[in-house]
Amino acid sequence: PVAFQQKNDKSGAYIRKWLPQLAKLPDKYIYEPWKAPLAVQKEAGIRIGVDYPKPLVDHGPTSKENMSKMAYAYDLHKEKMGEVKKSTKTKAKGATAKGAPAKKKQKRQTKLKF
């Protein structure tokens, strides 16, 4: 979740402005302060878990797990949509379920009332 910020604000000016407790951290740790060694945290006057919360999840494995779940959901959706398309293709073109020709739908124009 930090790649975009690291690419566009390498020094962490935005973080330093809105999270003053992280302002003294070196650029290297500004986007992932929990990775800063204890000595660096002490030097910056901050302790992760006391002055700033620890991460709720480990983003690496959690991200991979979520991506695999989304891929599975998309695959199920594609399968379901494929079945729907197949069932509509099996019907004769222009015929209803009873086999009679389908009626053409007329488009209705609605009049706007002012």
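Residues numbered from 1 in each chain as written. Predicted model: local features only at pLDDT ≥ 70, side-chain atom pairs only at ≥ 80, totals over all residues. Heavy atoms only, no water.

## What to know about the overall build of the protein
Inclusion rule: A run of DSSP states H or I qualifies as a helix once it reaches four residues; a run of E qualifies as a strand once it reaches two. Both are numbered from the N-terminal end. Categorising residues by exposure relies on relative accessible area from a 1.4 Å probe, with only protein chains included: less than 20% of the type maximum marks a residue as buried, more than 50% marks it as exposed, and the intermediate range marks it as partly exposed. Working rule for contacts: check all heavy atoms of both residues, and any pair within 4.5 Å makes them a contact.
Per the secondary structure count, the protein includes 4 helices and 0 strands. Secondary structure elements in the protein, listed N-terminal to C-terminal, are α-α-α-α. Out of the 114 residues in the protein, the part that is buried amounts to 15%. Intrachain contacts of the protein at a sequence separation of at least 6 include 21% that bridge at least 24 residues.

## Notes on the pattern of salt bridges
Which entries qualify depends on this criterion: Here, a salt bridge means any side-chain nitrogen of Lys or Arg that lies within 4 Å of a carboxyl oxygen of Asp or Glu.
The tally for this structure, following the rule as stated, stands at 3 salt bridges. Note that Lys-35 and Glu-32 form a salt bridge whose closest N and O atoms lie 3.4 Å from each other. Across the pair Glu-65 and Lys-69 runs a salt bridge, and its minimum N-O distance is 3.1 Å. Taken as a pair, Glu-65 and Lys-69 lie in helix 4 (residues 59–90) at a separation of 4 residues, close to a single helical turn. The class for Lys-69 is partly exposed, based on a relative accessible area of 49%.

## Looking at the confidence of the model for the protein
We apply this condition: Scored between 0 and 100, pLDDT is the confidence that the predictor attaches to each residue.
Put simply, the protein has an average pLDDT of 83, and 75% of its residues get 70 or more. When the elements of the protein are averaged for pLDDT, helix 4 gives the smallest value, 83, and helix 3 (residues 38–44) the largest, 96.

## Structural notes on the packing of aromatic side chains
The condition that has to hold: Each aromatic pair joins two rings of Phe, Tyr and Trp (for Trp, the six-membered one) with centres within 6.5 Å, and gets the label stacked for planes under 30 degrees apart, edge-to-face for over 60, and tilted for any other angle.
A full pass over the atoms with the stated rule returns 1 aromatic pair. Geometrically, the ring pair formed by Tyr-14 and Trp-18 is tilted, given 6.5 Å between the ring centres and 50° between the ring planes. Taken together, the positions of Tyr-14 and Trp-18, both in helix 2 (residues 13–18) and 4 residues apart, correspond to about one turn of that helix. A relative accessible area of 57% means that Tyr-14 is categorised as exposed.

## What about the side chain of Arg-16?
Short version of the rule: The term polar contact refers here to a pair of N or O atoms within 3.5 Å; inside protein, the definition further demands a hydrogen-donor-capable atom paired with an acceptor-capable atom, and it admits residues adjacent in sequence only when both atoms are side-chain atoms.
By the element assignment, Arg-16 lies in helix 2. At 2.8 Å, the side chain of Arg-16 forms a polar contact with the backbone oxygen of Leu-25. With residues up to four places along the chain from it excluded, the contact list for Arg-16 reads Ser-11, Leu-22, Ala-23, Lys-24, Leu-25, Pro-26, Asp-27 and Ile-30.

## A short note on the environment of Gln-5
Tracing the sequence through the fold places Gln-5 in helix 1 (residues 3–8). When residues no more than four places from it in sequence are discounted, the contact partners of Gln-5 are Lys-10 and Tyr-31.

## With respect to the nonpolar core
The cut-off we apply is this: Throughout, nonpolar core names a set of buried Ala, Val, Leu, Ile, Met, Phe, Trp, Tyr and Cys residues whose side chains join them through atoms within 4.5 Å.
Ranked by size, the top nonpolar core spans 12 residues in total: Val-2, Ile-15, Leu-22, Leu-25, Tyr-29, Ile-30, Tyr-31, Ala-36, Ala-44, Ile-46, Ile-48 and Tyr-52. The contacts of Ile-15, once residues within four sequence positions are left out, are Leu-22, Ile-30 and Tyr-31.

## Focus on the environment of Ala-13
Here Ala-13 lies in helix 2. By relative accessible area, Ala-13 is classed as partly exposed at 44%. When the C-alpha atoms of Ala-13 and Ile-30 are compared, they prove to be 9.3 Å apart, with 17 residues separating the residues in sequence.

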